[in-house]
Amino acid sequence: MTTYTGGCQCGAIRFRARGMPPDSSICHCRMCQKAFGGYYAPLVSVRGMEFEWTRGQRKTFRSSNFVERGFCAGCGTPLTYEAPDGMAIAAGAFDDPSLLPPTIQWGVEGKLGFVDHLHELPAERTEADLAAGSFLHDLVSYQHPDHDTPVWPPEDRA
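Everything numeric in this text was worked out from a predicted model, so none of it was measured. (Residues numbered from 1 in each chain as written. Predicted model: local features only at pLDDT ≥ 70, side-chain atom pairs only at ≥ 80, totals over all residues. Heavy atoms only, no water.)

(A) Representation of the sheet that holds strand β4 (residues 41–45) within the structure. Taken together, 7 strands build an open sheet; the order of strands is β6-β7-β8-β9-β4-β3-β10 and the sheet is mixed. The open sheet is flanked by β6 (59–62) and β10 (104–106), the only strands paired with a single partner. With direction set aside, neighbouring strand axes in the sheet form an average angle of 30°. Pairing analysis gives 3 bridges linking β4 to strand β9 (residues 86–90), with the strands arranged antiparallel. By the bridge assignment for β9, Ser 45 is matched with Ala 88. (Pairing = 2+ DSSP bridges. Helix = DSSP H or I, 4+ residues; strand = E, 2+ residues; numbered from the N terminus. Axes fitted to C-alpha atoms, helices over the stretch in contact; angles between N-to-C directions.)

Below is the structure:
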C-alpha cells in the first residue's frame, strides 16, 4: 500500500495517508481561490484512504454551510477542504506533490483566463534572482523538510 506524508510549512502539523487517492484536482471556484490565496486550489482527495494526523491539530474556518477549511494556525498553510462527502488535502502540503498530479478541474466557471497560459511565461531558476535580491545568497530556510521528523523545530533552533 502506498504511503504519502506531508504537513504544513512550519512543521507543527503532519499527516500520513495510505492507499490510492480517488482523485487529485484543481478547483478554480472563487471560494478556493480565496482559501488558498492563489489562482486555484490543488487538492488531493483522501476519501477511502487510511488517513491520520501524526502531529499537531489544524484550525478550521467554516467557509460555507457545508464546507470547513483546515489550516495551520502557526504558519497559515492551507491544509484541508472538508465536506460531507469527504476530505481533500492541499496538494502542496504533501512531501512529494509530484506523485499526485491533477486528474480533473472543478469550478471552471471561476477560472481566470490567463491560467491556461502560465506555461508560456518566461521562466527563471531561483538562483537567477540573486543579483536583484542579494539577501537570497545568505538565506537560511526554517521550513520543515519534506519528510517526517521526530521533533520539530530542531532542538538547536528551538
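Next, the rest of the story.
(B) Quick peek at the sheet that holds strand β5 (residues 50–55). As summarised here, the arrangement of the 3 strands in space is β1-β2-β5, forming an open sheet in which the pairing is antiparallel. At either margin of the open sheet sits one strand with a lone partner, and together these are β1 (3–7) and β5. Going from strand to strand, the sheet's axes swing by 20° on average, the running direction of each strand aside. Where β1 meets strand β2 (residues 14–18), 5 bridges bridge the pair, whose relative direction is antiparallel. Across the sheet, residue Gly 6 finds its bridge partner in β2, namely Phe 15.

(C) Layout of the packing of aromatic side chains. Per the stated rule, a full pass over the model turns up 6 aromatic pairs. Seen in terms of ring centroids, Phe 51 and Trp 53 are 5.0 Å apart; in terms of plane orientation they differ by 85°. Their pairing is edge-to-face. Classification of Trp 53 by relative accessible area gives partly exposed; the value is 25%. One aromatic cluster in this structure is built from Tyr 4, Phe 15, Phe 51, Trp 53 and Phe 94. (Phe/Tyr/Trp six-rings, centres within 6.5 Å; stacked < 30°, edge-to-face > 60°. Buried < 20%, exposed > 50% of the residue type's maximum accessible area, 1.4 Å probe, protein only.)

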